[in-house]
Every structure is written in C-alpha cells, then in structure tokens.
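# Examination of the molecular architecture
Next come the chains, spelled out residue by residue.
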Amino acid sequence: MDKARTGGDGGVFRALRVHNFRLFAMGQVLSVTGTWAMYTAQDWLVLSLSDNPGNALALVTALQFTPVLLLTLYGGRLADRYDKRALLTGANVISGVLAAGLAVLVFGGAVRLWQVCLFAAAVGVVNAVEAPTRMAFISELVGGALLPNASALSAGYFNVARIVGPAAAGPLIAAVGTGPVMAINAGSFLATVVGLRLMRPQEIRRSVRDPARSVRVVDGLRYIRGERDLVVVLGLVAAVGLVGMNFQLTVPLMARTVFDAGAAEFGLLTTGLAVGSLVAALLTTTRRTRPSARLVMSAAFGFGLAEAAAGFAPSFAAAFGLFAVTGFASLYFMQAANHRVQLGSDPEYRGRVMALYTLIMQGTTPLGAALVGGLTAVADARAGLYVGGAISAVAALAAWAAQRSWAQPKPGPSGVPGQSGVAGPSDAVGPSGGPGASSGAGLAGIGQVDGEVERGVRL
C-alpha cells in the first residue's frame, strides 16, 4: 500500500495524493465558495426585505436548520445503508435547482421574505442528508490513517471558500444586487457533481456491512450511549453549538446595527472569521492521532473567551481582528471534536454517529437562533456574542468536570480501585475496534493523545 493511502508521507497535503479525494476537494472548493457567497447574499436580502432585521434573520436561520434537527439522524441511517457517492450526487443536484429557483425570483423582482424562508427550509432538508453523508464519505475516500489530514484539508478549503465567497459577494451585491450571486451559486454545485462522477468506484473503501442486518437509528444511539468519551464530547458540542455558533445571526447584526456597515464591510467581517478558521485548519493538517479530551475542552474554553471578547469590540477594525481570533478558536474546537468522534467510532456506525454530531452541531441552531435573536432584541447585537462566549466557556469547564468524574476507577469487591471485574461500555476492548473498543488508554488516559489512531477503522 503506498504512502499516500497509509499516511506515511509527511506532507501537509498528503491526502490530496489520493485520486478520489483530490476530485472531491476540487469540486467542493468551487461549490462551497458559491454557497458562502449565497449565504452572504441571502442575509443581505433578508435585511432589505424586513423592517425587523434581528427577528427576520433569526426566523430564516431557524428554518434553515430545523430540518437538520428533525431529519439528520435519518440522513445518517441513509448514509450507512446506501451508496454515499450516489446520495451526495442527488443532494448537490437538488441544491443547485433550489438556488436557481430563488435566483429567478430575485431577477424577476418578485421575491418576498416568505419565499426566502421556504428556500431556507428546503436547503435544510437537503443538508440533513448531505452533511453526515459527506463527513462519513471522506473516510471511505482516504482510509483511517489519512482521515485527520483529509478532514483538516476539508476544513481548509471550506474556510478558503468562506473567505473568497463573502469577500467577492460583498462588492458584487453592491454593484449588481443579490440575484447574480445566487445564480453563480446554482452553477457551482455542478463542480461537486462532476467530481463525484469522475471518481474510481473500485478505490472507495466502503464499510463492509452484513446485508441481513437492519440499519436502524436506535442502534446507533445505543452504540453512542455506551461510549462515554463520545457522550462527553457530543454534550460539549451541543452546548457550544446552541449558544456560541450563531454567527449567521450575530455577524450581520454587528455589521448593520453596531457599526452601520454596508454590504462590502459586512462581507469583510465574515472574511475575518474565515481567515482565522483557515489558519486553524492548516495547523490541524499535521494531526495524526485522535485528539485527547483535554485538547477538545481546552479549545472550547478558548473559543468562549475569544467570542466574549469579540462582543466588546470597540471599533470595526477591532471587531475584524477579534472575529479572526474567534474563527481560529471555533474551527480548532470543531476539528478536535470531529476527529475525536470520528476516530473513536466503529465504521459500521460512523454514518449515524456523524449524523448525531451534525444534528447536535447544526440542529441546535434553530433553538440558538431563537435564544440569541431574543437576546439581541432585548439588549443589542453585542450581547449575543459575549453571553454566548461566556456560556461556552462554562460548558467546557462542566465537560471537563464530567470527564474527570467518569475517569475515576471504581473500587472492586476488595476495595482496590479498578479491580471490580466489571468493565464499563467504554472499557471493553473489542478485537477489531468495534463497539466497546477502548480509546487509547481508556478513560483513565484523559489528557493524553491517544496512540491508537485507527481505532475501529478497517484498512
């Protein structure tokens, strides 16, 4: 097996040596750039269609992520049961059609806020299937040894797109309006579809599944419940996602209501977030092992402090810098949590595990948008940032306390710690890293980098 597929080569871009992943990444760069430009145009369109921008943005954000809350677990079930390449092809075709439909309404001058709301909800339905499928598909493209590098590179091109998309969309919106941006986004999905269809199917590492066994959502939930280290990380992701990751709402409101910025300046603030995220993504390309619980929680705590500081930014320039720091911290945390969850789960359940991760990360957004939207209406846009950051930091401390409590060895019959003879769900080591396989040194190894990189990954 060559170095590119085993992770033996030390290059930052080593996962791109895999033919199928290279095609996937090239298509995603173009498609995600169009998507971020679209989000900028959509937010600006909502601001122009409503006299109550805070509530309108909260409504659109909630509608876009509510399907994720309701349907993502089912999307993960589909990812574990059916061909992921076919699912992703269909999802991207539908997304392109939806974007083209909204662009037609804007060009015709007939667009209304309720139509934008319907579009956002429809996109959310597609994302409920696409997101967990895409995350699980990456491991099939590159294998376990290259998964951290491929995941970090994915975050890298995602954030390059988050820089280029809004930066290009701002001046374009100011010059010709939101319609052309939406039309460009509609065409960008074709890049991902072409990349998917040009792949070599024989090189995709599909998980071996017994066709006689049913693929049920409840089995995935039971598996996760038995993995305590996953439960702690997913709980922390839920708390941070609920109150801290509401940038679709807080950044436009900061630009419009605090700094009285125009479309170009609004795109610049979003670019600040993306610049910091890109630096974090490049930094995590060197990761080779499953991140420790301590790293995940420290990253969440740092993110909370950075976001709270951004809420107190005294000027537009200071806000740009603090948003860059916040973007770095948010992406570093998300990457650490993603890698700990993916490399700590069995391939048979990975689609459903990543569906729950997506559900928690994005599905909490409707609730978070309502909470933060209400907070900004009562106070101001700054409150959404410093309150969300403070709660995120507290959640990281609570997760650390929970992890330490679960890591304490239980006394056995003779009173000797760890001699009870009864192994918990996270302590039993399976022969192939399946359900019950330990993560590194088990819970007692908290704070150490797990050495078993390929836990649960069949090569």
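Structure report, in brief. Computed from a predicted model, the values in this text were never measured in an experiment.

Parameters at a glance
Residues numbered from 1 in each chain as written. Predicted model: local features only at pLDDT ≥ 70, side-chain atom pairs only at ≥ 80, totals over all residues. Heavy atoms only, no water. Helix = DSSP H or I, 4+ residues; strand = E, 2+ residues; numbered from the N terminus. Buried < 20%, exposed > 50% of the residue type's maximum accessible area, 1.4 Å probe, protein only. Contact = heavy atoms within 4.5 Å. Areas by Shrake-Rupley, 256 points an atom, 1.4 Å probe, with all protein chains shown as cover. Core = buried A, V, L, I, M, F, W, Y, C linked by side-chain atoms within 4.5 Å. Salt bridge = Lys/Arg side-chain N within 4 Å of Asp/Glu carboxyl O. Phe/Tyr/Trp six-rings, centres within 6.5 Å; stacked < 30°, edge-to-face > 60°. Patch = residues over 30% accessible without salt bridge, like charges linked within 9 Å, V, L, I, M, F, W, Y side chains within 5 Å. Expected span 1.5 Å × (residues − 1). Bend = angle between axes of the 7 residues up to and from the residue.

Scanning the protein from N- to C-terminus turns up 16 helices and zero strands. The buried share of the protein, reckoned over its 459 residues, is 57%. Taking the intrachain contacts of the protein between residues at least 6 apart in sequence as the baseline, contacts between residues at least 24 apart amount to 84%. In the form shown here, the protein has an accessible surface area of approximately 17,700 Å², with 66% of it arising from carbon and sulfur atoms.

Core analysis: the biggest nonpolar cluster contains 76 residues, and Met-182, Leu-236, Val-237, Phe-323, Phe-333, Val-341 and Tyr-357 have the highest contact counts within it. Ranked by the residues each element gives to this core, the list is headed by helix α12 (residues 293-311), at eight residues. Contact partners of Leu-236, with chain neighbours within four places excluded, come to Val-296, Met-297, Ala-300, Phe-333, Ala-395, Ala-396 and Ala-399. Counting residues in hydrophobic clusters, the runner-up holds 20 residues, among them Phe-21, Phe-137, Leu-141 and Met-199.

This next bit is on the pattern of salt bridges. Under the counting rule described, the total for this entry stands at three salt bridges. Note that Lys-84 is salt-bridged to Glu-140, the shortest N-O span being 2.7 Å. With Lys-84 in helix α4 (residues 84-107) and Glu-140 in helix α5 (residues 113-142), the pair connects residues that are 56 residues apart, well separated along the chain. Taking the shortest distance from any N to any O, the salt bridge between Arg-134 and Glu-130 comes out at 2.8 Å. Remark: Glu-130 and Arg-134 occur in helix α5; sequence separation between them is four residues, near one turn of the helix. Overall, the relative accessible area of 24% leaves Arg-134 in the partly exposed class. A relative accessible area of 12% means that Glu-130 is categorised as buried.

Turning our eyes to something else, we now look at the packing of aromatic side chains. Counting across every chain of the model gives six aromatic pairs. Ring centres 5.9 Å apart and planes at 75° place the aromatic pair Phe-24 and Phe-137 in the edge-to-face group. Of this pair, Phe-24 sits in helix α2 (residues 19-49) while Phe-137 sits in helix α5, and the two are 113 residues apart along the sequence. Residues Phe-24 and Phe-137 agree in their burial class; the two are buried. On the numbers, 6.0 Å between centres and 15° between planes, the contact of Phe-328 with Tyr-332 is stacked. Here Tyr-332 and Phe-328 lie together in helix α13 (residues 316-342), a separation of four residues that amounts to about one turn. Phe-328 sits in the partly exposed class, given a relative accessible area of 30%.

Together, Leu-69, Leu-70, Leu-71, Val-125 and Leu-367 line one region of the surface with nonpolar side chains, adding up to about 430 Å² of accessible area. Residue contributions to the nonpolar patch peak at three residues, all from helix α3 (residues 53-81). As for its position among the elements, Leu-71 is in helix α3. Note on Leu-71: relative accessible area 35%, which makes it partly exposed.

As a further point, take α5. Over its 30 residues, α5 runs 42 Å from end to end, which matches the ideal 44 Å to within 8%, given 1.5 Å per residue. Along its length, α5 shows its largest kink, about 35°, at Asn-127. Most of α5 is tucked away, with 22 of its 30 residues classed as buried. After α5 finishes, the residue Gly-143 shows a positive phi value of roughly 85°.

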